[in-house]
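# Commentary on secondary and tertiary structure
For reference, the chains in residue letters:
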Amino acid sequence: MARRGSPDTPAAWAVACALLVLVPWFGLADDAVDEGDPSGAPARLDAWEKELDAVYARLLEFVNFEKGQSVDFKFDRVRSLLSALGNPEAASPCLHVAGSKGKGSVSTMLARILEASGRKTGLYTSPHLIDFSERISRAGDALGDGFLLSAWDRLGPLVDGKRADEWPGGMEPTFFELATVLGFLSFVEAGMDAAVYE
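Residues numbered from 1 in each chain as written. Predicted model: local features only at pLDDT ≥ 70, side-chain atom pairs only at ≥ 80, totals over all residues. Heavy atoms only, no water.

Within the protein, the regular secondary structure consists of six helices and four strands. Here the protein holds 198 residues, and the buried ones make up 40% of them. Carbon together with sulfur atoms contributes 56% to the accessible area of the protein, which is approximately 10,700 Å² in total. (Helix = DSSP H or I, 4+ residues; strand = E, 2+ residues; numbered from the N terminus. Buried < 20%, exposed > 50% of the residue type's maximum accessible area, 1.4 Å probe, protein only. Areas by Shrake-Rupley, 256 points an atom, 1.4 Å probe, with all protein chains shown as cover.)

Listed below in structure tokens is the structure:
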């Protein structure tokens, strides 16, 4: 039995241990950043949702291991994309949460902690429950109109019309690989100070 006030679940222990790393690494005592909407774009929810649905439909054309399709896991496809895009994955400090149980909860808690400290924090999780944009969010809240679409405007031209034999290893990237790269780009577009990846 856990003592009163002590973490008594693996997820709680993970968060407690992560805090020991987060405080000095992210400088949680630093001045807070501006919390305003960085997009400055007027609300255009209906058009944005239709465009995002089109991006999601395009991504679904690729192999999706979440749906049981087989794939050869290699980093060369993603590395080539990231390199062509200027390595957006390295734009801000990040945490990668791995394991078999509790990743989503721990990732969300860590992102919320970073947000509460004044850091604009991207959160990448999978799968989504209702809407694709749930995967790429600001600490679990909507990222904002246009950031995912702006990111797709950079990623799409590198993917569209490219045959499998034109990719490293002779295979197209997977749905998950493209969604992850889209997350990296979206967080850069939205000016995130940090990111948590499940």
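Still to come is the rest of the account.
Given a rise of 1.5 Å per residue, 14 residues ought to cover 20 Å, and the 20 Å separating the end C-alpha atoms of helix α4 (residues 103-116) matches this to within 8%. Inspection of α4 places Val106, Ser107, Leu110, Ala111, Leu114 and Glu115 among the buried residues, and these make up the whole buried set. (Expected span 1.5 Å × (residues − 1).)

Right, let's get into the packing of helix α5 (residues 147-159) against helix α6 (residues 175-189). Contact geometry of α5 with α6 gives a least axis separation of 8 Å together with a crossing angle of 130°. Taken together, the axis directions place α5 and α6 in an arrangement best described as oblique. You can see that α5 and α6 cross each other, and the crossing is right-handed. Residues Phe147, Leu148, Ser150, Ala151, Trp152, Arg154, Leu155 and Val159 of α5 form the contact with α6, whose participating residues are Leu178, Val181, Leu182, Leu185, Ser186 and Glu189. Residue composition of the contact of α5 with α6, by class: ten nonpolar, two polar and two charged. (Axes fitted to C-alpha atoms, helices over the stretch in contact; angles between N-to-C directions. Parallel < 35°, antiparallel > 145°, perpendicular 65-115°, else oblique. Left-handed = near helix turned anticlockwise from the far one by under 90°. Contact = heavy atoms within 4.5 Å. Nonpolar A, V, L, I, M, F, W, Y, C, P; charged D, E, K, R; others polar.)

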